[in-house]
Structure formats: C-alpha cells, structure tokens
Amino acid sequence: MGRGGWKGRGGWQQAEIPSADDAGAWFGGRLPEGWFTGDPEVTVDREEIVIVGELPPLTGEYADDAARAAAEDGRISRFREETRDERIEIARQAEHRYQRKVAWGASLGGTRHLFTTHSAPVMTRLRQPERLVLDTLVDAGVARSRSEALAWAVRLVGQHADTWLAELREAMTKVDDLRSQGPDLS
C-alpha cells in the first residue's frame, strides 16, 4: 500500500496515486543508449518525477573556468534541443504510467540545468509571528512575495536538514511497510 491510505493528523493526506517505486528502473530501461554516462538520477514526489542525467565529458581545452562553464552550458543546451521530441514522448508514457508530471535536466562538470519543472501550489495557514518572518524577507528584498519567501525558507531548511529529513523519510517508509502488513480495516 502506498502512502495515500492514511489520513491521520500529521500523516500523508493525498489521493491514491500509483507507486513510482520502480521509476528509476523504468527510466533506466526506457531511455535511449548514449544519452547519459550512467543511470540518471530519478527523484519522485507526489506531483512530479525529475530525471537528471550526466552528459559525456567535454574533450576540449578551455582558457579558464568561465570558458569551461560556458562550454558545459552550451553542451547541455544542445542536448536539450536534440532530445526534445524523444523526451516529450517518454514523459507522455511516464505521466500515463505514474500519474505525475515529468521534468528533465542534465548535468555536465559543474553545471546542472533543469529544463521543465512543475511548481505545485501549497496552501498553509500561518499565525502572525510566521507571517512577520515572511514579511521581513519580502521587506528586505530577499523575496518578492510571501509565497517566494516561504519557498526560500523551505529550500534553506532542506539544505541544512538533509540528514534529519533522510532519517525521517526512512522512518516513514518503515511505518508504511508495517501498515501494509497490518489488518485491512475497510
């Protein structure tokens, strides 16, 4: 059973969607040979699957880091254009299979670009102290809106809490496994 069945406080409150546990394997088998140097990084959440692959290394010599970064950027841009039609078809198939949007990206050396990503609206209720934090970020020019300030804060927490979030995800998986082994109460 996926995470969609339980609606308890603080739990997973989502409609049933197909499991995407096999998405990495599916994309690994579906993608054309030679696109990436290895298996792509496949990240899945409730709304989107993001596929990012490493492109073959550049072979030229570059005067400095800025020139190398420009060449990496150009190579990623070429990959994006040359693979557009195939990526659209693969995404169409995956969206049907997994009922999620598909986004693409590529990395090369120190350069990483995501091509098409999905921004999902998220509603939240905030009390005045939390709103004041967002308003301070807006007033200081860190963000243009409360929505952008909240996204910035979430990214910041994600960057600084990776270990804790990974442990939390692992614990949630264990709870899901135990729940699926329990009695069916429906």
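Residues numbered from 1 in each chain as written. Predicted model: local features only at pLDDT ≥ 70, side-chain atom pairs only at ≥ 80, totals over all residues. Heavy atoms only, no water.

Novice: What exactly am I supposed to notice about the packing of aromatic side chains here?
Specialist: Given two aromatic rings, their pairing is described by the distance between the two centres and the angle made by the two planes. In total, this model carries eight aromatic pairs according to the counting rule given. Summarising the aromatic geometry, the rings of Phe27 and Trp104 are spaced 6.2 Å apart at their centres and angled 85 degrees between planes, so their arrangement reads as edge-to-face. Residue Phe27 is found in helix 1 (residues 23-30), and its partner Trp104 is found in strand 3 (residues 101-108); the two are separated by 77 residues along the sequence. Owing to a relative accessible area of 0%, Phe27 belongs among the buried residues under this scheme. Exposure remark for Trp104: the relative accessible area of 3% places this residue in the buried category. An angle of 85 degrees between the planes, with centres 5.6 Å apart, marks the rings of Trp35 and Phe79 as edge-to-face. Taken together, the positions of Trp35 in the loop between helix 1 and strand 1 (41-44) and Phe79 in helix 2 (residues 65-98) put the pair 44 residues apart, joining distant regions of the chain. (Phe/Tyr/Trp six-rings, centres within 6.5 Å; stacked < 30°, edge-to-face > 60°. Helix = DSSP H or I, 4+ residues; strand = E, 2+ residues; numbered from the N terminus. Buried < 20%, exposed > 50% of the residue type's maximum accessible area, 1.4 Å probe, protein only.)

Novice: Looking at this structure, how should I read helix 1?
Specialist: For helix 1, the set of buried residues is Ala23, Trp26 and Phe27. Considered in projection along helix 1, the buried side chains sweep an arc of 95 degrees and stay on one side of the axis. Counted as exposed and oriented over 90 degrees from the buried face of helix 1: Ala25 and Gly29. Lining the buried residues of helix 1 we find strand 1, strand 2 (48-54), helix 2 and strand 3. (Arc of directions from axis to C-beta. Contact = heavy atoms within 4.5 Å.)

Novice: Explanation requested: the domain arrangement of the protein chain in the structure shown.
Specialist: When the parts of a complex come together, some accessible area is lost, and that lost area is often used as the size of the interface. Partitioning the protein chain into domains gives domain 1 (22-118) and domain 2 (120-180). Here domain 1 and domain 2 have C-alpha centroids that lie 26 Å from each other. (Domains from an automatic or database assignment.)

Novice: Help me understand the pairing of strand 4 (residues 111-114), please; the structure alone is not making it clear to me.
Specialist: Relative to strand 4, strand 3 runs antiparallel, the two being bridged by four bridges. Within strand 4, the residue paired with Ala106 across the bridge is His113. Where strand 3 folds back onto strand 4 in an antiparallel hairpin, the turn is made up of two residues, including Gly109, whose phi is positive at roughly 60 degrees. (Pairing = 2+ DSSP bridges.)

Novice: Is there a simple way to explain the packing of helix 1 against helix 2 in this structure?
Specialist: Packed helix pairs are characterised by how far apart their axes lie and by the angle those axes make with each other. Where helix 1 meets helix 2, the closest approach of the two axes is 12 Å, and the angle between their N-to-C directions is 150 degrees. The orientation of helix 1 relative to helix 2 falls into the category roughly antiparallel. For the pair helix 1 and helix 2, the crossing hand works out as right-handed. Taking contact as the criterion, the partners of Ala23, Trp26, Phe27 and Arg30 in helix 1 are, on helix 2, Glu89, Ile90, Gln93, Ala94, Arg97 and Tyr98. Looking at the contact of helix 1 with helix 2 residue by residue, the classes come out as six nonpolar, one polar and three charged. (Axes fitted to C-alpha atoms, helices over the stretch in contact; angles between N-to-C directions. Parallel < 35°, antiparallel > 145°, perpendicular 65-115°, else oblique. Left-handed = near helix turned anticlockwise from the far one by under 90°. Nonpolar A, V, L, I, M, F, W, Y, C, P; charged D, E, K, R; others polar.)

Novice: Please explain the packing of helix 3 (residues 128-139) against helix 4 (residues 146-160) as it appears in this structure.
Specialist: One way to put it is that helix 3 packs onto helix 4 with a least axis distance of 9 Å and a crossing angle of 100 degrees. It follows that helix 3 is roughly perpendicular to helix 4 by the angle criterion. Contact with helix 3, carried on its side by Arg131, Leu134, Asp135, Leu137 and Val138, involves Arg146, Ala149, Leu150 and Trp152 of helix 4 and no other residues of that element. The residue makeup of the contact of helix 3 with helix 4, split by class, is six nonpolar, no polar and three charged.

Novice: It is not clear to me how the nonpolar core should be interpreted in this structure. Could you clarify?
Specialist: Formed by 21 residues in total, the largest nonpolar core has its most connected members in Phe27, Leu31 and Trp104. Secondary-structure elements contributing two or more residues to this core are helix 1, strand 2, helix 2 and strand 3. Looking at this core element by element, the count peaks at six residues for helix 2. If we skip the residues at most four places from it in the chain, Leu31 touches Phe36, Pro40, Ile51, Ile90 and Trp104. (Core = buried A, V, L, I, M, F, W, Y, C linked by side-chain atoms within 4.5 Å.)

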